[in-house]
Amino acid sequence: MNMLEKPTSGTVIIDGHDLNTLSPKELREVRKTATMIFQHFNLLMQKTVLKNVTFPLELVGTPKEEAKRRAIELLEIVGLPDKANAYPAHLSGGQKQRVAIARALATNPKVLLCDEATSSLDPMTTRQILELLKDINSRLGLTIVLITHEMGVIREICTKVAVIDGSKLVETGTVEQVFTRPKTASALRLFYSSDSAGVLGEGPTVRLVFEGTKAYEPILSGMINACHAPVSVLYGSIERIKGKAYGQLVIQLPADERAARLALEYLELSDVAVEGVGSNVDG
Amino acid sequence: MWTASFWSQMGVGLLETLYMTLVSTLIAYVIGLPLGVLLVVTDKDGLVPRPTLNKVLNVVVNLLRSVPFLILMIAVLPLSRLIFGTTLGSTATIVPLVISAAPFVGRVVESSLREVSPGVVEAAVSMGASPWQVITKVLLPESLPSLIVGAALSITTILGYSAMAGMLGGGGLGALAINYGYYRYMMDYMYIPLIILVIVVQIFQLIGNTLARAVDKRK
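About the thresholds
Residues numbered from 1 in each chain as written. Chains lettered and ligands numbered in written order. Predicted model: local features only at pLDDT ≥ 70, side-chain atom pairs only at ≥ 80, totals over all residues. Heavy atoms only, no water. Helix = DSSP H or I, 4+ residues; strand = E, 2+ residues; numbered from the N terminus. Buried < 20%, exposed > 50% of the residue type's maximum accessible area, 1.4 Å probe, protein only. Areas by Shrake-Rupley, 256 points an atom, 1.4 Å probe, with all protein chains shown as cover. Contact = heavy atoms within 4.5 Å. Lys, Arg positive; Asp, Glu negative; His and termini not counted. Charge placed at Lys NZ, Arg CZ, Asp CG, Glu CD. Salt bridge = Lys/Arg side-chain N within 4 Å of Asp/Glu carboxyl O. Core = buried A, V, L, I, M, F, W, Y, C linked by side-chain atoms within 4.5 Å. Pairing = 2+ DSSP bridges. Right-handed = clockwise from strand over helix to strand, strands pointing away. Buried area = accessible area lost by both parts, 1.4 Å probe. Polar contact = N/O pair within 3.5 Å; in protein donor to acceptor, adjacent residues only side chain to side chain. Arc of directions from axis to C-beta. Axes fitted to C-alpha atoms, helices over the stretch in contact; angles between N-to-C directions.

Overview of the overall build of chain A
Secondary structure summary: chain A contains ten helices and eleven strands in total. A buried classification covers 47% of the 283 residues belonging to chain A. Carbon together with sulfur atoms contributes 51% to the accessible area of chain A, which is approximately 14700 Å² in total.

Here it is, written out as structure tokens:
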């Protein structure tokens, strides 16, 4: 997205500049407004934490004293003021990523690209780094673009999401939309962390999504009463997206067609979002 | 062997050897360092891909590296005469030493620079660093410990070549060992220079390793 890799087709527009058409020199200027953090941190191992953070400022020729002041301020923001003179080799993964974030913020960028930034961190550290990103996002008001395969990360901090499958953009929308009502098979596949989708047996399978308080209503037993037939639950989960609870349930409807129709009618009446998953049900 | 003249010969020999080695290493680095950088950055996956230039450099380096030093020395005698007016003595030997050592140094520098993680280079580029900035502020500083170890390797190799140069009228300890020890069967002239050379190599290697450890912040 910042032309470290040249796109084979399409355009990248940051702040009104089409990056494809820029000269190398102009591109370097734009890169200072769209900085980046990486899965493996990519810190300069031979430089202290402070020098790592001042590095982008050194590139643009900021006076040493001013760069140092700015770096100390940034280390304060990322919570590492006491590590200024340490070398990256002595830091933990989470601390290294904090340094990388401070370094990425040094030039006051408008966009921060996070390339699998939490993928090599443990769950605890991942949370802390995400908290930090959220904090930076609201405090400094910069856009954060997050590339990840961890759905939890997206639920935690994103507002909009785009699903890419086979290097094609297949679906975009707000996180709530895409998570609760995925339109494409690729998106759907992502949100079934279990292999439930693979073990579908006889009979049509549907996915139910409950929002908020509906999760507390006895919908399933009501449905069984309505169709007088057994229903198996293949997969269920409750996810929290930005503080709001979403329940989802994958069930297998009775093989008997009439019973299945009754069940669907009941669900429709109770205003639960129903989607077909595996077989021939038009949700 | 325990005469003053013997030891003064050894002393002069040692100084000549050090002179040849250090001056040659210095000049070899003036050529080899940029050469090593070019070999890395013009690579097809490098910072400034120039595949044709890269191929040419690689061929030239391989050619020079495949010529045995003694043959090379004979081959460049005319060049030594052209530059220094003579083919004899320590100074004249610097010419073949440099020609032989520069490509070697280039390779050593190249392998050091390749140790720098591509991710770090990518990070610098993503911050808007120009190729020149990446070379001077990332590639060279990040590989400094390895470059120093490489320099110790280069010095000791060139020291070995300089001793060989004694065969063809070069100066130094190698010349003493060959002219007196080999041609006249004076065993002390054979073994004392050898011992001194071994000690000198040890010292260079020790300095190199100590320095490299001191500047290495990766552990």
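A short note on the overall build of chain B
Helix and strand counts for chain B stand at ten helices and zero strands. The order of α-helices and β-strands along chain B, N terminus first, is α-α-α-α-α-α-α-α-α-α. With respect to the three principal axes, the spread of C-alpha positions in chain B is 65 × 40 × 25 Å. Here chain B, with 219 residues, has 47% of them falling under the buried criterion. Long-range pairs, those at least 24 residues apart, make up 72% of the contacts in chain B between residues at least 6 apart in sequence. Surface accessibility of chain B: about 10600 Å² in total, with carbon and sulfur atoms responsible for 73%. On chain B, the mean spot of the 13 positive side-chain charges and the mean spot of the 9 negative ones are 4 Å from each other.

Concerning the pattern of salt bridges
Inspection of every chain in the model, using the stated rule, returns nine salt bridges over all chains. Between Lys 32 of chain A and Glu 29 of chain A there is a salt bridge, and its shortest N-O distance comes to 3.4 Å. Judged by relative accessible area, Lys 32 of chain A falls into the buried class, the value being 13%. Classification of Glu 29 of chain A as partly exposed rests on a relative accessible area of 47%. For Glu 58 of chain A, the salt bridge is made with Lys 137 of chain B, and the minimal N-O distance between the two is 2.9 Å. One end of the pair, Glu 58 of chain A, is in helix 2 (residues 49–59); the other, Lys 137 of chain B, is in helix 7 (residues 131–142), on a second chain. The partly exposed category is assigned to Lys 137 of chain B, whose relative accessible area is 22%. Through salt bridges that share partners, Asp 43, Arg 107, Glu 110 and Arg 114 of chain B make up one connected network.

Quick word on the nonpolar core
The tendency in soluble globular proteins is for nonpolar side chains to be buried side by side. Residue and element names in this part refer to chain A. Counting 46 residues, the largest nonpolar core has Ile 37, Leu 75, Ile 101, Leu 112 and Leu 133 as its most contacted members. Every element with two or more residues in this core is listed here: helix 2, helix 3 (64–77), helix 4 (93–105), strand 4 (111–115), helix 5 (123–140), helix 6 (151–157), strand 6 (160–165) and helix 7 (175–180). The dominant element in this core, judged by the number of residues it contributes, is helix 4, at six residues. Beyond its immediate sequence surroundings of up to four residues, Ile 101 is in contact with Ile 37, Val 78, Ile 129, Leu 132, Leu 133 and Ile 136.

Considering the pairing of strand 4 of chain A
All names here are of chain A. A large share of strand 4 lies buried, amounting to four of its five residues. Taken together, the four bridges between strand 3 (residues 34–37) and strand 4 define a ladder with parallel strand orientation. Its bridge partner lying in strand 4, Ile 37 is registered against Cys 114. Sheet analysis places strand 4 next to strand 5 (residues 143–147), joined by five bridges and oriented parallel. Looking at strand 5, one finds that Asp 115 is bridged to Ile 147. Following the backbone out of strand 4, through helix 5 and into the adjacent parallel strand 5, one traces a crossover that is right-handed.

Here's the deal with the environment of Ala 129 of chain B
With respect to the helices and strands, the residue Ala 129 of chain B is situated in the loop between helix 6 (118–126) and helix 7. On the basis of relative accessibility, which here comes to 4%, the residue Ala 129 of chain B falls in the buried class. Beyond its immediate sequence surroundings of up to four residues, Ala 129 of chain B is in contact with Arg 28 and Leu 59 of chain A together with Ala 124 and Val 134 of chain B.

Some words on the interface of chain A and chain B
Contacts between the two partners involve 22 residues from chain A and, on the opposite side, 25 residues from chain B. Both faces combined, the contact of chain A with chain B buries some 2100 Å², and carbon together with sulfur accounts for 60% of it. When the buried area of chain A at its contact with chain B is split by residue, Arg 28, Gln 46 and Leu 59 of chain A rank highest and sum to 31% of it. Between the two partners, chain A and chain B, sit eight residue pairs in polar contact (both at pLDDT 80 or more). Within the residue set of the side of chain A that touches chain B, elements represented by two or more residues are helix 1 (24–31), strand 3 and helix 2 of chain A.

Things to note about helix 9 (residues 219–227) of chain A
Residues and elements named next belong to chain A. Ile 219, Gly 222, Met 223 and Cys 227 are the residues of helix 9 that are buried. For helix 9, the angular spread of the buried residues around the axis is 120°, confining them to a single face. The secondary structure elements touched by the buried residues of helix 9 are strand 8 (205–211), strand 10 (244–252) and helix 10 (257–269).

Things to note about the sheet that holds strand 3 of chain A
All names here are of chain A. With parallel pairing, the three strands of this open sheet are ordered in space as 3-4-5. If you trace the sheet from one side to the other, it starts and ends with strand 3 and strand 5, each paired once. Each neighbouring strand pair of the sheet contributes to a mean axis angle of 20°, computed without reference to strand direction. Along the sheet, helix 4 contacts strand 3 and strand 4; its crossing angle with strand 3, the most-contacted strand, is approximately 170°.

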